[in-house]
Number of protein chains: 2
Amino acid sequence: MMANLLVAQSGGPTAAINATICGIVKRAMTSTRIDTIYGAQNGIKGVLDGRLIDIGKPLSSPEALEALARTPAAALGSCRLKMKSPEQDPASYERIIEVFRQFGIEYFVYVGGNDSMDTVLKLSQYVAQKGLNIRVMGAPKTIDNDLCATDHTPGFGSAAKYIATTFAEIKRDVMVYDYEAVTIVEVMGRNAGWLTAASSLARLSVLGAPNLIYLPEHPFDEEQFLRDIQQAHKTDKALLIAVSEGVKDAQGNYVGESSKSGAVDAFGHKYLEGVAGYLEKLVKAKLGCKARGITLNLMQRCASHLASATDIAESQMLGQTALDRALDGVSGQMAAIERLSSNPYTVRYTSVPIELAANEEKTIPASMIKNGNDVTEEMLTYLKPLVQGEVPVVWSNGVPAHFQF
Amino acid sequence: MMANLLVAQSGGPTAAINATICGIVKRAMTSTRIDTIYGAQNGIKGVLDGRLIDIGKPLSSPEALEALARTPAAALGSCRLKMKSPEQDPASYERIIEVFRQFGIEYFVYVGGNDSMDTVLKLSQYVAQKGLNIRVMGAPKTIDNDLCATDHTPGFGSAAKYIATTFAEIKRDVMVYDYEAVTIVEVMGRNAGWLTAASSLARLSVLGAPNLIYLPEHPFDEEQFLRDIQQAHKTDKALLIAVSEGVKDAQGNYVGESSKSGAVDAFGHKYLEGVAGYLEKLVKAKLGCKARGITLNLMQRCASHLASATDIAESQMLGQTALDRALDGVSGQMAAIERLSSNPYTVRYTSVPIELAANEEKTIPASMIKNGNDVTEEMLTYLKPLVQGEVPVVWSNGVPAHFQF
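We now turn to the structure provided with this report. (Residues numbered from 1 in each chain as written. Chains lettered and ligands numbered in written order. Predicted model: local features only at pLDDT ≥ 70, side-chain atom pairs only at ≥ 80, totals over all residues. Heavy atoms only, no water.)

What follows deals with the overall build of chain A. The helix and strand inventory of chain A stands at twelve helices and 15 strands. In terms of overall size, chain A behaves like a compact globule, its C-alpha atoms giving a radius of gyration of 23 Å where 405 residues would be expected to give roughly 22 Å. Taking all 405 residues of chain A together, the buried fraction comes to 62%. Of all intrachain contacts in chain A linking residues separated by at least 6 positions in sequence, the fraction that spans at least 24 positions is 76%. (Helix = DSSP H or I, 4+ residues; strand = E, 2+ residues; numbered from the N terminus. Rg over C-alpha atoms; globule rule 2.2 N^0.38 Å. Buried < 20%, exposed > 50% of the residue type's maximum accessible area, 1.4 Å probe, protein only. Contact = heavy atoms within 4.5 Å.)

On to the relation of the copies chain A and chain B. Between the two copies, chain A and chain B, the superposition gives an RMSD of 0.0 Å; the rotation angle is 180° and the shift along the axis is 0.0 Å. In the structure described here, the two chain copies are related by an operation that fits a two-fold rotation axis. Of the interface residues in chain A, 100% have counterparts in chain B that sit at the interface too, so the contact is made through matching surfaces. (Least-squares fit on C-alpha atoms with pLDDT ≥ 70 in both.)

Here the focus is the sheet that holds strand β8 (residues 238-244) of chain B. Residues and elements named next belong to chain B. One open sheet holds the four strands; their spatial order is β7-β8-β6-β9, and the pairing between them is parallel. Bordering the open sheet on either side are β7 (212-214) and β9 (290-295), each of which pairs with just one other strand. Taking each pair of neighbouring strands and ignoring which way they run, the sheet shows an average axis angle of 20°. Strand contacts of helix α6 (residues 156-174): β6 (181-187), β8 and β9, with the helix running at about 150° to β8, the strand carrying the most contacts. (Pairing = 2+ DSSP bridges. Axes fitted to C-alpha atoms, helices over the stretch in contact; angles between N-to-C directions.)

Now for the pairing of strand β4 (residues 105-112) of chain A. Residues and elements named next belong to chain A. Within β4, seven of the eight residues are buried, which leaves it mostly tucked inside the rest of the structure. In terms of strand pairing, strand β1 (residues 3-9) meets β4 through six bridges, oriented parallel. Counted as the bridge partner of N4 is I105 from β4. Judged from the six bridges that link them, β4 and strand β5 (residues 135-140) form a sheet pairing that is parallel.

Residues and elements named next belong to chain B. Helix length check: helix α5 (residues 114-129) (16 residues) gives 23 Å between terminal C-alpha atoms against 22 Å at 1.5 Å per residue, within 8%. Judged by how many residues are buried, α5 sits mostly within the fold: twelve of 16 residues are covered. If you check which residues of α5 are buried, you get N114, S116, M117, D118, T119, V120, L121, K122, L123, S124, Y126 and V127. Two residues or fewer after α5 comes G131, characterised by a positive phi angle close to 65°. (Expected span 1.5 Å × (residues − 1).)

Turning our attention to the packing of aromatic side chains. All names here are of chain A. Taken as a whole and judged by the stated rule, the model has 20 aromatic pairs over all chains. Seen from their ring centres, Y38 and F103 are 5.1 Å apart, and the 75° between their planes marks the pair as edge-to-face. With Y38 in strand β2 (residues 34-40) and F103 in the loop between α4 (90-102) and β4, this residue pair connects regions lying 65 residues apart in the sequence. Of the two residues examined, Y38 and F103, each falls in the buried class. Put simply, the rings of F100, F108 and Y110 pair up and form one aromatic cluster. Its guanidinium or amino end placed over the ring of Y254, R190 lies 4.3 Å from that ring's centre, counting from NZ or CZ. (Phe/Tyr/Trp six-rings, centres within 6.5 Å; stacked < 30°, edge-to-face > 60°. Lys NZ or Arg CZ within 6 Å of the ring centre and 35° of its normal.)

The full count for this structure, using the stated rule, is 35 salt bridges over all chains. R348(A) serves as the salt-bridge partner of E338(A), at 2.7 Å between the closest nitrogen and oxygen. Taken together, the residues span a long stretch of sequence, with E338(A) in strand β10 (residues 333-342) and R348(A) in strand β11 (residues 345-353) at a distance of ten residues. With a relative accessible area of 41%, R348(A) lands in the partly exposed category. Put simply, K45(A), D49(A), R51(A) and D178(B) are held in one network by salt bridges that share partners. (Salt bridge = Lys/Arg side-chain N within 4 Å of Asp/Glu carboxyl O.)

Before going further, it helps to examine the interface of chain A and chain B. Every contact between the two is made by 73 residues of chain A and, on the other side, 75 residues of chain B. With both sides pooled, the region where chain A packs onto chain B buries about 6,000 Å², and carbon together with sulfur makes up 60% of that total. Along the contact surface separating chain A from chain B lie six salt bridges. With a closest N to O distance of 2.8 Å, D178(A) and K45(B) form a salt bridge. Between chain A and chain B we count 33 residue pairs in polar contact (both at pLDDT 80 or more) in total. Taken together, the elements giving at least two residues each to the side of chain A that touches chain B come down to α6 (156-174), α9 (275-287), β9 (290-295), α10 (299-302) and β15 (399-400) of chain A. Of all the elements, α6(A) adds the most residues to the side of chain A that touches chain B, at eleven residues. Class assignment of the residues belonging to the side of chain A that touches chain B gives a composition of 36 nonpolar, 22 polar and 15 charged. (Buried area = accessible area lost by both parts, 1.4 Å probe. Polar contact = N/O pair within 3.5 Å; in protein donor to acceptor, adjacent residues only side chain to side chain. Nonpolar A, V, L, I, M, F, W, Y, C, P; charged D, E, K, R; others polar.)

This paragraph deals with the packing of helix α4 (residues 90-103) of chain B against α5(B). Residue and element names in this part refer to chain B. Axis separation between α4 and α5 bottoms out at 11 Å; the angle between their running directions is 75°. With respect to α5, the axis of α4 lies roughly perpendicular. Contacts between α4 and α5 involve Y93, E94, I96, I97 and F100 from the first element and K122, L123, Y126 and V127 from the second. In terms of residue class, the contact of α4 with α5 is made up of seven nonpolar, no polar and two charged. (Parallel < 35°, antiparallel > 145°, perpendicular 65-115°, else oblique.)

Given below as structure tokens:
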């Protein structure tokens, strides 16, 4: 009995989410039970719109699959849509099933983060309740590494490698002058500091890259921050500081939020600035030394030219795992990585009930945080394997060649 | 007769300035007339302080020289010191000559941009007037590509390759959603838009990367900018815009400067923001669509993992040329590149009187600017050869290995 497969991508882009599609497609190619491989454009939104394209044909060569795995962001497009429950919004679920019937879909793999796993949870429950012959599986993806029930998430290792490399290079840059200065680099992560912690890997290349690390899991104290800088300046003039975009004070307010001036910009809106910009001003005002705030912005999640080979390989394996389980009749689960050992680094691919992953955030445990301004050796042991290996860029005219449907 | 050589680096870091040191050192290694190779720490400031170190010894292996060429920023440290004339400040010149005598320096090569070439000009004239047996030469360096009398400058090609790659990746990122949005990326360059223009190379990888390009050489009009966006949104929802940090209105005011609210921050200082942040607010307020401002900041000048092989090779050759001329008895000149042909790309290494390079800025000619919001084919023909080829990164523990004295 042949049936069709549907894959879709959701949430923020990463350097690894396309590799997961590769893993799913490769697994499907050798199955006797899958006929056409469809991709929905813009995630579940595209399913609701009936915007499905045949992706098996353009991906039927090894070269195309490899090119896709090297391409950043989401080749199928993405969406940010948190679905209501079937009770609140039955029409959307009926519409999805209608589209599934129209395209003969019996297997659906959704690649994404927290919100996407919530969609997998709700849709798999709906399908089970209706007694439909459809398997709904999740494949994890988020640079934030904040999904539970998996050792880490695809996209994180590549973002971590970008961050480590960039901190090493910025340290080289700022250390050329012989006066006291502070460079504050803001890294993504509202509640989980994994990406900011990854900056510590730059120390494997150059001392003091970064000198101090501030995570959202530990209350941020401005006075202590200034004392930390004065202490660190005793041995290093060119301080480099990693700070998570989500650092909060002891009352849970985002840093800078409570002390904002309330001033409005030329358009009458309140000034809203990132933590790097705020701390730059704080250092200049309180310590009187040169300070610069840098925001890594989108570059940290789409820099596939710095992808981690470990990350890209695992992302493919998790896609393969998700479809493998679906072919075994499993539904309502998420593919996951279990770490067996850090040194040597060995893993096992498994799947977990989607309830364990959806809507839960994994933050950094206290044992990995040092003095509120650094990470421990345990964190480095955890991080190191995830950035190993490189994915050769294919260059065309001096710029990277990407895949496009 | 043996004599000693002194090299020093000045101005902002680049991915190529260390390669120029390599070229100088390699040329010195086969000369029968040079004994010890010294490097001054922190440029001419280190000369004044007598902080000279023997760099010939740590660079006496091919491996060390290769590692140095792959390392970003300035391995000898840098400074930003514009020297006064010998008439205004005779003591500094007397001090430099004293240090030269102390260390037996007869050849001095200074690697840097506009201000550094001004130092070469003043010092070479001083030395000539005093009839001293010292050759003072300049080797160009600036990511801004704004030095006259040379087709382009070391550091520019690598920064251009970083910018092209990053624009291609950001375009992949922003195009995943199916709603109208504008992403504005601010690129370095106060008066010369060469780096911003280099974003156009990303189109060799992906359409619309960027959609619009605004250079400081052309007056910026906010109303026209908003009309450009509305026009471009008709065919592309996910607009990517390159804007130089130095764009100015018809009156010569930096964009956003004249329309600032005058508001003060929590520390009582006026809000000063970059053009990307200002234009993000302008687009949100006037067009009501999603907008994001991104600043490439230091990353664009220190990303040696994305260095252009052409740039690194030419940087070495210019260092070699500078010393070669000095050994021939030339003083008061700057090594330069003359382009013979763009396709195939061929060049000739030469040297020019330092007066032609010092204190002059080379901006983009009108023939390379299209409609005030793009570049012409002539610009692409100029840029393409400069980003060709890659410099293999040497990885250690998943992060790039750098050289350190």
